[in-house]
Amino acid sequence: QVQLVESGGGLVQAGGSLRLSCAASGSIFSINAMGWYRQAPGKQRELVATLNNGGDTNYAHSVKGRFTISRDNAKNTVYLQMNSLTPEDTAVYYCATDYFESLVAGAPNYWGKGTLVTVSS
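To keep things clear, this report deals only with the structure shown in the data block.

Rules of the game
- Residues numbered from 1 in each chain as written.
- Predicted model: local features only at pLDDT ≥ 70, side-chain atom pairs only at ≥ 80, totals over all residues.
- Heavy atoms only, no water.
- Pairing = 2+ DSSP bridges.
- Helix = DSSP H or I, 4+ residues; strand = E, 2+ residues; numbered from the N terminus.
- Axes fitted to C-alpha atoms, helices over the stretch in contact; angles between N-to-C directions.
- Disulfide = S-S within 2.5 Å.
- Buried < 20%, exposed > 50% of the residue type's maximum accessible area, 1.4 Å probe, protein only.
- Phe/Tyr/Trp six-rings, centres within 6.5 Å; stacked < 30°, edge-to-face > 60°.
- Lys NZ or Arg CZ within 6 Å of the ring centre and 35° of its normal.
- Core = buried A, V, L, I, M, F, W, Y, C linked by side-chain atoms within 4.5 Å.
- Contact = heavy atoms within 4.5 Å.

### Here we look at the sheet that holds strand β1 (residues 3-7)
Link 1 in the chain: Here we have four strands laid out as an open sheet, ordered β1-β3-β8-β7, and antiparallel in their pairing. For this open sheet the edge positions go to β1 and β7 (67-72), each flanked by a neighbour on one side alone. Along the sheet, successive strands turn relative to each other by an average axial angle of 15 degrees, direction set aside.
Link 2 in the chain: Of the pairings in the sheet, the one linking β7 to strand β8 (residues 77-82) comprises six bridges and is antiparallel in character. What sits directly across from I69, in β8, is L80.

Quick look at the structure:
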């Protein structure tokens, strides 16, 4: 059983930065792809960033150049560094893991409960 626990959300002013963490349990962490999604109020869930077990990353156009996904296999943790935040980044951010294709399809088997990021103008 894989469990994912996000942390690091909070309130930040526009232009600021936050780093989200996702601690994973289970040996699957080292072989699965990891991803961060977000869902803003009244909007559909959006895939923000992915990182496969080969180290390749992909980002949504809206965050490219501002967000960085990384992982520490020794700590079973994946991170999302978010810089130059804008109010449009306000959302609940979810960590997820599964095969890369499942992440891209929006249907990973394993999800965290989410952490709220609020960016004030």
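### Notes on the state of the cysteines
Link 1 in the chain: Considering all chains together, one arrives at one disulfide under this definition.
Link 2 in the chain: Paired by a disulfide, C22 and C95 hold their sulfur atoms 2.1 Å apart. The chirality of the disulfide connecting C22 with C95 is left-handed, given an S-S dihedral of about -80 degrees. Here C22 is found in strand β3 (residues 18-25), whereas its partner C95 is found in strand β9 (residues 91-98), with 73 residues between them in sequence.
Link 3 in the chain: Judged by its relative accessible area of 0%, C22 is buried.

### A few points about the packing of aromatic side chains
Link 1 in the chain: Evaluated as defined, the whole model comprises two aromatic pairs.
Link 2 in the chain: Each ring, one from Y94 and one from W111, has its centre 6.4 Å from the other, and the planes form 85 degrees; the classification is edge-to-face. You can see Y94 sitting in strand β9 and its partner W111 sitting in strand β10 (residues 110-111), a full 17 residues away along the chain.
Link 3 in the chain: Given a relative accessible area of 30%, W111 falls into the partly exposed group.
Link 4 in the chain: Note that R45 overlies the ring of Y37, its terminal NZ or CZ placed 5.5 Å from the centroid.

### Re the pairing of strand β5 (residues 46-51)
Each regular strand shows side chains that alternate between the opposite faces of the sheet.
Link 1 in the chain: Of the pairings in the sheet, the one linking strand β4 (residues 33-39) to β5 comprises five bridges and is antiparallel in character. Following the sheet pairing, Y37 is matched in β5 by L47.
Link 2 in the chain: Hairpin connection from β4 to β5: six residues lie between these consecutive antiparallel strands, with G42 at a positive phi of about 75 degrees.
Link 3 in the chain: Hairpin geometry of β5 and strand β6 (residues 57-59) is characterised by an intervening segment of five residues between the two adjacent antiparallel strands and by a positive phi of about 95 degrees at G55.

### Some thoughts on the nonpolar core
Link 1 in the chain: Ranked by internal contacts, the top residues of the largest apolar core, which has 26 residues, are W36, F67, L80, M82 and Y93.
Link 2 in the chain: Elements with a contribution of two residues or more to this core: β3, β4, β5, β7, β8, β9 and β11 (115-120).
Link 3 in the chain: Looking at this core element by element, the count peaks at four residues for β3.
Link 4 in the chain: If near-sequence neighbours (up to four positions away) are discounted, M82 is found in contact with G16, S17, L18, L20, R66, F67, Y93 and V117.

### Observations concerning the pairing of β1
Link 1 in the chain: Burial of the side chains of β1 is restricted to one face: L4 and E6 are buried, whereas none of Q3, V5 and S7 on the reverse face is.
Link 2 in the chain: Looking at chain direction, β1 and β3 are connected through five bridges and run antiparallel. Paired with E6 across the bridge in β3 is C22.

These values are about where atoms sit, not about what they do.
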